[in-house]
Amino acid sequence: MHKLTFDGVKTALYEEVTSYGLKVVIAPIENSEITVGGVYVATGSLRHEEKIDKTKCPQGLASYLSKIIHKATNFDVKKKLEELGAIYQVKCDYSSTVYSFVTSGEYQDALDLLLGQCTNFSLTEDVVESSKESIIKESMPTRNDLIRNEVLNNLYFSSHIKELDNGTIDDMKDIHLSSLKKFFLNKYVLENLTLFLVGKVDLKSIDEYLNTRKLIVDRKPVGKREDYINKEEYGQVVKPLSSLKVTDFKPCLALGIKFLPRMELYERYGDNCFAIYQILPLVFSYLLEKELSVETRDSIECELKEGGEDAYLYITIKGQYDDAFIEKIKATLMTLTKKFKRKDFKNLAKVFYAYHVKDFASPQKYFDGLVNAIENHMAYPSLIERIHSLNYKHIKAFLKDMQAWIYSFVKVNYEENI
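Residues numbered from 1 in each chain as written. Predicted model: local features only at pLDDT ≥ 70, side-chain atom pairs only at ≥ 80, totals over all residues. Heavy atoms only, no water.

### So, a positive patch on the surface
A cluster of basic residues, K338, K341, R342, K343, K346, K350, K396 and K400, forms a positive patch on the protein surface. The set of elements that each furnish at least two residues to the positive patch consists of α14 (342-356) and α17 (392-402). Among the elements that line the positive patch, the one with the most residues is α14, at 4 residues. With respect to the helices, strands and loops of the structure, K396 is situated in helix α17. A residue is classified by how much of its surface remains accessible, and K396, at 40% relative accessible area, is partly exposed. (Patch = residues over 30% accessible without salt bridge, like charges linked within 9 Å, V, L, I, M, F, W, Y side chains within 5 Å. Areas by Shrake-Rupley, 256 points an atom, 1.4 Å probe, with all protein chains shown as cover. Salt bridge = Lys/Arg side-chain N within 4 Å of Asp/Glu carboxyl O. Lys, Arg positive; Asp, Glu negative; His and termini not counted. Charge placed at Lys NZ, Arg CZ, Asp CG, Glu CD. Helix = DSSP H or I, 4+ residues; strand = E, 2+ residues; numbered from the N terminus. Buried < 20%, exposed > 50% of the residue type's maximum accessible area, 1.4 Å probe, protein only.)

### Digging into the layout of surface pockets
By volume, the largest pocket is sized at about 930 Å³. Every residue lining the largest pocket is counted, 30 residues in all, and those nearest its centre are Y277, Q278, P281, L304 and N372. The set of elements that each furnish at least two residues to the lining of the largest pocket consists of α11 (272-292), β13 (300-307), α14, α15 (363-373) and α16 (380-389). (1 Å grid on protein atoms, 1.4 Å probe; cavity = no way out; pocket = protein on both sides within 12 Å on 5 of 7 lines; lining within 4 Å. Points joined across faces, edges and corners; volume = space filled by probe spheres on them.)

### Quick look at the sheet that holds strand β9 (residues 193-199)
In space, the 7 strands of this open sheet follow the order β1-β2-β3-β9-β4-β8-β7, with mixed pairing throughout. The open sheet is flanked by β1 (2-6) and β7 (87-92), the only strands paired with a single partner. For this sheet the average axis-to-axis angle between neighbouring strands, irrespective of direction, equals 20 degrees. Alignment of β1 against strand β2 (residues 11-17), held across 5 bridges, turns out to be antiparallel. Within the sheet, the bridge partner assigned to T5 lies in β2 and is A12. Contacts from α15 reach β2, β3 (23-28), β4 (35-41), β7, β8 (97-103) and β9, with the element oriented near 155 degrees to β9. (Pairing = 2+ DSSP bridges. Axes fitted to C-alpha atoms, helices over the stretch in contact; angles between N-to-C directions. Contact = heavy atoms within 4.5 Å.)

As structure tokens, this is what we get:
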């Protein structure tokens, strides 16, 4: 295995591509009592094809599959893992699907189960159809989903990033064994799979394990794919402002900032782009709290989401505010470089680094960091080191660009004439 040492965060990774084509990343943690292992699949809820062969690809295929893939023909992978003393976990986001387990015992049998699940399609029509009602019920959008979806529909004209992860009810009803199988055979291929192991891992035994597992993924040739062509307009939004009523939800103000295409930003900033992405929510939370005099830190929530060529910053502020408050936010967005000083950046960078450097002692946080960072083709330790090495001119240049980007507000449960 190839060893990668990261002195800045005092950790090391071991990487390998097996003889049969499986990518492997190992992160041993000294004195760890648990192991977190999993299979990363480089496909998620963001649609890239309208059709594979002549089979329609409804929105929600990736999410639907992730919810039932453990129900194999002869046994249930989730239950088998529980019998082994392991906890089964699934995460499906825009760009990836991750199947993982946490255990304090042996992990090789658990790995066998996950690798088998991700390389052999064994669902039946009965399982797919009998699960549909419960999947639709558990996949209904939450109140927070409704607000985010309103923001995204205001921001984007055609990008699939605005679609619900699980799809609409009609989308889910339109998912059948044939579409799931076609999706699996085209997406769950070895070049899209990466095996991660973090925590209590013996390098010698895992090397022997990998050498004895000869995964042969029998795939039909990839059929003709009708790819989605991104025709998004990045110089305008559908609506700059809208109102939304959500039952049993307190008033809040939501804001979405639409980023330029990923490739364009990467050409300008290189890998620093993704380091800036990590710290940007903290920057905006700090700025808005300072500039708007919001009563409590908990009133502002800020996150950055990526999918394909698109990314957006999503902000919610609890409470009901007048139009002058919204104008104050707009003024802040137009003067970011004046509002965010060098000393502010130094303080926030120190806080961010101090918080995340502890991740390398936590198997679960380290694992989560690795599978998130790989979406931008980076190792998590390298990403944290890069954030630590950022200087003010990097973030200032990015914020200067952001001053010209467009955005949309959503007033949630606002009373009129207030």
